[in-house]
Amino acid sequence: MSAANYHKKLAPFFKEKEKLASKFKAVGSFLDEVTDVKEQQKFFVEQRDPLFAVINEWINTTLEDFKKGKKLKELIICYSILTRICEEQVASIQSKWQYDNIVSLIHRGLYRQNHPQVRSAALELLMRFMDAHHAALEPNLLDEFGSAINLEVFNTNNDKSTFKYSAKGDSASGVFFPATITEPASMNDSLNLLRDVLLKYISERTNNFQFWYDKFKERYLTQFYPKIFQELRIVDKYDETGFRNGCPPEIQCLILGSLMIWGAKPANLAILWEPEVNSHIMLEVHRCSCLLPLDYTPNIKAAMQSWRNWIMKSRDSKVLGTTEVIQLYWQHFIKNLALIFTLESTPTQINLHHKLCMEVLMIYNYFSMELAEKLSPDTWETLQYTTMKAAFDLLNKTETSSQANLINIVSERRTSKAGLNNLYSSQTFGDILFNTLYLIWLKRQNNTEEMWQDLSKKVSALVNWKCNVQQWKEKMIQLTIILRRHLYEKYNKDGEKSENTPDSPSEPRGRGYTREISTGVESVIQSIPIDPRLSSLNWTAESILHTWTIFLNILGNINTINDPTSYEVAWSCIYEIINMLTEAQSKLPLNTPQILPLFSIFLPWLIEGCVYNERLVKGLLLAYRTLCTMFIRNHRLFSSMKNGHHYISHFYRIVQTGLNNVKSEVIWEIIEYSTKLFLCNLQGVAVLIPDYLREIEVLCGPMTTTSSIVKQNGLRIVNSLICYPNHYSLIEFPVIATPKPYETNKIVSVTTDEVKEKMCKILINILNNSNEYADVLMIALCGASVLLFEEMNNPNPRPQFILKFIKSMIEQTEHPNPHVSRIASESLGSISFLLPQLNAIDKNFISTAVLSITERIVNTVKRPSQEHQVIQLLYCLRDFLLGGTNDILSHSNVAEKVFTCIEYSLLGELVSPSEFSPSMGGNFSPEKKAPAEGRSKLSHKDKKNPMSGSTELFKTFRNFQEMVDDLLETPSHQSAEMRDAAESVLVQLLNGYNNSPGPVGVEVLNSTVDYDTSKTLYFSYNDSQIMSFTEVPSKDTKGGKLCKITIRDSTGHYVWKAEPMYDDLASQNPPSLSEFLQEMKKDSPICDRVEHERPIPPGFKFGELPLFDKLGEEKGIDMLDQALQYLENETDSLKCFGWDAVLRGVANEKVILDCITGDLRKLNQQSQLEVPDKLPAKTKRSKEVLVPTEPNESITIMQTCRQFLSQIGFLSAESRKQFFVLENGEPMIQQLKSLDKLRAREVYSASIVYVGPGQEDSNQIVRNTQGSPLYEEFVKGMGWLVDLNSHNGFSGSLVKKNPLHGSQVPYFADSSREMIFHTNTMMPSELTHDQLEERIKILHSDAVHIVWSEHNRDYKPNSLSSDVVETQIIVYPLPDGLFRIQVERKERIPFFGPLMDGMVVGKSILCPLVRQTAINALRRNQAASSTLGVQKPFKMRANSIKEIIHKNKTQKSSAIFHSLLYPINPSVTPLSPVSNSRATMAPVSNADFQEKMKASASFFA
């Protein structure tokens, strides 16, 4: 064919005489510029022979240029043209066309000395040539193919591998285009040939993949992975060629990439996973991938992902083979992945290694969770042992820093469908590794004993790794929860599920309740979630018990652990397990046998674990904690346990050994976790009392630095022993412990008195420590209160300790912590119940305490921000003074101090007139004068010209009153709450001191009032009292009238009846003046003080008192004048001791005395003027005078009241400033009725609930109608039984004459508080459902429940709890006659006393302490529930009175005001005309009468 049919670029090629170089150049230009593939194909097909001739001749003529490094590009073009010819002329190639020449060119081009580009071109030509001859390849071509890539360059110094097909290159003459000296044959050249030519060519030949994969496998894979081919017997087992130490990483990465490309096509995937040979090669390739250095992490991760997708998630399982084949693939895959754990990592590679290991664990978890049902037993075993071996190999080898870093890397929390859902946050890689290991072993539930032993051998060798022990602990907790569900639930009553459900493994305390002494279980499982990977398994009671027992011992003896941290974790696991199982056992019905013998299982470990080891102190502490917890929480089992006394004796010996330990931490741990030891009624437990008290005394000493928690626990133990000495007064406690180094004498035993003395010293040391913790002080104050009660009920109390305790309590009332000061004040106030006993011991106790309290009040008032302390002390003072009949205030110094402190609290300072002119007297003496900063002084405007004595005195007191009024409105301490408290205490003292209880009993302080508006006038006095006056007939005097006065103030409402008495003195035979004065001379506290401070001047003698006699009167002697002269003396003083006693301590005493003396002189002068010179003879009454024989008839209904008001001074012009008329109408009557409903005392209500033996259901408890005799005695001790229907005091939620509420109820009251007790046993027994709900509603209405429980178990706080019930005080009668106290309170309720959780008290002091504790709890509840603070009844009534006065007070003129006092009695007929001897009076209407009175008032005005 002519050149005209081709591109013009080929024109030189067709010229016969054209130079060879021009022809070759034309072909090159054509290939470069002509892109039309069809045209090129046409050229290669039609010009095959000429083209090959030109190329062959040009190569032969250009050999010298090639050797000189010239014309490389042209040489490459030659190979490319030949490659295209082989591709286009397949038939010709198969027919041996130019066979020898092409083979020669391939052979020479593949020499290793050739330039890499030449070798690449030659290899590509070879593969095209082989592709054409694939049906009949000659061996020489396969040899050329096998040796095309130089593998020797991958040998290292430590690896001198030989290869079956070595690359040619010995003849230098055969080299086409040699590489330069600076570019020797390198690894990169071989990799480029492998990647860019060989593997790429195979990837492109998808239609002939089987052929090429077989050739590649035969010539190269046998060299890359010789071992697998030897195992498959494809290569002779003696063949030593190939990479014996593993495929080089560079080649491995290329193989991985190519296999992933090839496997993306299903047809190729079937070839690759051919089960006979190729699948094994694939697994070997994966194995080698897992051994790649961490520099190739992306390749490792890609291999894991690809092989996982192929063998675990393949949608077409037929591609990979049968199920048995796939199981084999899984087993190899699992083993291969474990190799990743063994990779070496540098510090910079640690994170990469960690991520790869996490991926492996993800896959293992996927096998055990998602594919668990598909795994064959062999695959399961492979997974178990592989994981075990991986963990063991990783941690058992010599520890390096990189290895430790890998184990301790904190993994991110991840959640996947594969099942690796981290249930515990902040886990390290070691945690996740062992978590996966243990989950895999537990997931398979048919492990043999030999398999468990194999696991135990491995993991027990790794016990010093914390991650191992930590994961063992977490799995043991999970197994224990499952064990509880299967072993303990079936014993629950009526088949109900345990309260400890899988979703809530810890004990429910009942809606927010907390205890002051923890049972231990609350801190055991802190919100550990249930692992569904374990809980979802098909457990049975037998299988879980078997697995639990084996897994408990999987680490061997935990006391062999040497690592302190791991040892601590192991013991914490044992501690939590024992608590969980103990709690489960306690929820079973009574008399249920013990499910698991905890003592047999754990006591050997505990005895060995309590042996002291300096390195393992934390684990030792946990061992002691576990020991104490197990014995104390299971104390009820010893009575029925075989050899229980042996266990107890071992326990006592271990505890005594621990208390004698040189490490303080051990002693503290024992004390902290045995606070309830002496509440358990263990046999012989008293033997430990001396040891505990000895150590508690040390840790509570003033110089110790013990933590607050340790001291609190020590004091709780002391508080639980307070009543032991008196209850067991005749026993001695043996001391069997080894003496401490500082104990010189061996003590054999201690008496109960010594025990009591030591407890007193402990409490006093705490209370006297100025730097003590607030929480510790509160517990000590509660203990001191109970000890005082106990001591006062002891026949031989110790006054020295009593006084110290009272003094310490008073001092703690000034503590800066408000909770401590409140507890101290309440503890001090509770002693008011003991005043009779205190007075019997020493009369000075009470007065000393009162004086101390008053001193603290005065000192505290002056301090800012301490008003709460003053208020508490004021109420404490009130309780002391009103605690019973006493004569405290009869002592002048005590009374003065009491009212001084009240004045300070009321006004903020002392107020009294202190500056007067010299003529009016002086001030207080220096020793009596109040501090300048605390006393307000009143000065006169004009000192030079003072007014007369009486007028000046009036003005002084008026100014004095104004200042007092100002300070009452705004006290100088700026505290309205303090002022109100002081006013309340003052009024209660004035009303109640020695007046309570009254004649009608303590239930009633107020009078019964009526609301007759027609015959009653209402007035307000001082804006603080409402007075009503009503005229009623007198029962004693015929025709007489009484004035009934009703007074309403902040303390209540009272009714008085006033009647004029004209013969009172005659009926009483009053003593003569001389007898009166002689009586005044008698010794009294006041007179003693006056005579001591104001002695009689020397030489002074009293004159003889002139006595009255008839002879003197007849002789005209003025006896009054004689008496007045007697009273005068030269020293301007008085002889009357009574006046001196009354006026002592007043600033203007001299002024008043001068005024009185002056007035007496004026009176004497006036009497002398009125007496005639001669006394006239006795005259007879004139018979003409008309003497009425009967009282006047009542024309106005207020005449007696008017007379009383006038005579008492309320109708004077000066009193009108404080005395106002109130509108008498229906609105005010309604307001008064509301006011009268307000209680004058603090009122409280609490429920007393009886829980009988075995009662746990709330319906059973509520339906109780009677309790034991001891309970009935307790109820009567809480208060006296009152008839509800006739009861006039506070009744709480109970309604009179309601049959559901019963007829009798316990009630308690004193002068300042009332308390009612809703008792379920005093309500009717036969109840319908609605009536039962009504009873429950009554019990739920109280914020405090007092529970008397005779159940063998602790009372459940949620049995009768509600949103209203905030505190529960549970009393447990003990077999020895004492009573254990349990206190449950919601978290928002602060600490209170005097009783606290864990105390044991005696019968004689139980009721008053429980009652006082309930009152304090109710006060805390009121304070916590009110955002505005708790308002006392006094303040509530005072505010209500002010509001009523403000609404109804009227400003009347004097005329109208007085006219209101003359209303006409509508029942009396107007006066008729009478005889001339009397004036006639016409009928007058009431209105006219009022008008006339107004006119009269105007006239006189």
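The coordinates are above.
Residues numbered from 1 in each chain as written. Predicted model: local features only at pLDDT ≥ 70, side-chain atom pairs only at ≥ 80, totals over all residues. Heavy atoms only, no water.

**What to know about helix α19 (residues 323-338)**
Under the convention used in this document: Secondary structure elements follow DSSP: runs of H or I of four or more residues count as helices, runs of E of two or more count as strands, with numbering from the N terminus. By this rule the span expected of a helix is its residue count minus one, scaled by 1.5 Å. Only protein chains enter the calculation, and the probe is 1.4 Å; a residue is then buried if its accessible area is under 20% of its type maximum, exposed if over 50%, and partly exposed in between.
Taking 1.5 Å per residue, 16 residues should reach 22 Å; α19 reaches 23 Å between its end C-alpha atoms and fits that length. For α19, the full list of buried residues reads I326, Q327, Y329, W330, Q331, F333, I334, N336, L337 and A338.

**Observations concerning the nonpolar core**
Generally speaking, nonpolar side chains in soluble globular proteins are found buried as a group. Short version of the rule: Only buried residues count toward a nonpolar core, which is a set of Ala, Val, Leu, Ile, Met, Phe, Trp, Tyr and Cys residues joined through side-chain atoms within 4.5 Å.
Judged by nonpolar contacts, the single largest core of 364 residues is most densely connected at F224 and W472. When residues of this core are assigned to their parent elements, the largest contribution, 13 residues, is made by helix α37 (residues 774-792). Listed in part, the 18 residues of the second largest apolar core include M1027, F1029, C1043 and I1045.

**Observations concerning the side chain of E826**
Basically, it comes down to this: It only takes one pair of heavy atoms within 4.5 Å for two residues to be counted as in contact.
Here E826 lies in helix α39 (residues 818-830). Judged by relative accessible area, E826 falls into the buried class, the value being 13%. Excluding residues that lie within four positions of it along the chain, E826 makes contacts with N1416, R1419 and R1420.

**As for the side chain of N559**
Positionally, N559 belongs in the loop between α27 (541-552) and α28 (564-586). Those residues within four positions of N559 in sequence are excluded, and the remaining contacts are Y567, W571, W605, E608 and G609.

**Side note on the sheet that holds strand β10 (residues 1219-1222)**
What holds strands together in a sheet is hydrogen bonding between their backbones, with the strands either parallel or antiparallel. To keep it simple, the criterion reads: Two strands qualify as a pair provided that DSSP identifies no fewer than 2 bridges between them.
With respect to topology, six strands assemble into an open sheet ordered β9-β8-β7-β6-β10-β19, the strand pairing being antiparallel. Both outer strands of the open sheet, β9 (1052-1058) and β19 (1449-1450), are each paired with one neighbouring strand and no more. The pairing of strand β6 (residues 1016-1021) with β10 spans three bridges and is classified as antiparallel. Paired with F1019 across the strands is V1221, a residue of β10.

**Brief notes about the packing of helix α20 (residues 350-369) against helix α23 (residues 429-443)**
Inclusion rule: Where helices are involved, their axes are fitted lines through C-alpha atoms of the stretch in contact, as for all axes, and angles between N-to-C directions lie from 0 to 180°. When an angle is under 35 degrees it counts as roughly parallel; over 145 it counts as roughly antiparallel; between 65 and 115 it counts as roughly perpendicular; any other value is oblique. Left-handed describes a crossing in which the near helix is turned anticlockwise from the far one by less than a right angle; the clockwise case is right-handed. As a working rule, the residues Ala, Val, Leu, Ile, Met, Phe, Trp, Tyr, Cys and Pro are called nonpolar, Asp, Glu, Lys and Arg charged, and the rest polar, with Gly in that last group.
Contact geometry for α20 and α23: axes closest at 10 Å, N-to-C directions at 15°. Put simply, α20 runs roughly parallel to α23. Crossing hand, α20 versus α23: left-handed. Note on element contacts: α23 touches α20 through F429, I432, L433, T436, L439, I440 and K443, opposite H354, C357, M358, L361, Y364, N365, S368 and M369. Taken together, the residues of the contact of α20 with α23 sort by class into 10 nonpolar, four polar and one charged.

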